[in-house]
Amino acid sequence: LWSKHQRELCSSHGFSENQLILWKYPTMTKIQEFKGHTARVLHMDQSPDGGCVVSAAADETLRFWDVFGSAPNERKGKALSMGNFCGSPMIR
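Criteria and thresholds
Residues numbered from 1 in each chain as written. Predicted model: local features only at pLDDT ≥ 70, side-chain atom pairs only at ≥ 80, totals over all residues. Heavy atoms only, no water. Salt bridge = Lys/Arg side-chain N within 4 Å of Asp/Glu carboxyl O. Buried < 20%, exposed > 50% of the residue type's maximum accessible area, 1.4 Å probe, protein only. Pairing = 2+ DSSP bridges. Helix = DSSP H or I, 4+ residues; strand = E, 2+ residues; numbered from the N terminus. Axes fitted to C-alpha atoms, helices over the stretch in contact; angles between N-to-C directions.

Pairing is possible between side chains that carry opposite charge, provided their charged atoms lie close to one another. Counted by the stated rule, this structure contains four salt bridges. A salt bridge links Lys30 to Glu33, with the nearest nitrogen and oxygen atoms 2.8 Å apart. With a shortest N-O distance of 3.7 Å, Lys35 and Glu33 are connected by a salt bridge. We classify Lys35 as partly exposed; its relative accessible area is 48%. Connected through salt bridges with shared partners, the residues Glu17, Lys30, Glu33 and Lys35 form a single ionic network.

Given below as structure tokens:
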């Protein structure tokens, strides 16, 4: 998934870590890894505001990640927060 606000992309992976990875484009430098699934990631999608990513895995869970954060113009004068769903990494 491409960030709507930055030159970054997020990829999902399976064995052996089952993680999402945030990359800086075009250097493809790894910025951060997001771990939590216990089985391979099968699908991921982005929230309408572009800040959160939801991942679905073979471990039968959905996890919400604050991968891209808020848009740069929304950050001015506000403390960054996890948002409504991104604060909880998994739906029960």
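Moving on from the model shown.
Ordered in space as S4-S5-S6, the three strands form an open sheet in which the pairing is antiparallel. Where the open sheet ends on each side, the last strands, each with one partner, are strand S4 (41–46) and strand S6 (62–66). Strand-to-strand twist in this sheet, taken as the mean axis angle between neighbours without regard to direction, amounts to 25°. Two elements, S4 and strand S5 (residues 52–57), share five bridges in a ladder whose sense is antiparallel. Residue pairing for S5: Asp45 is matched across the bridge by Val54.

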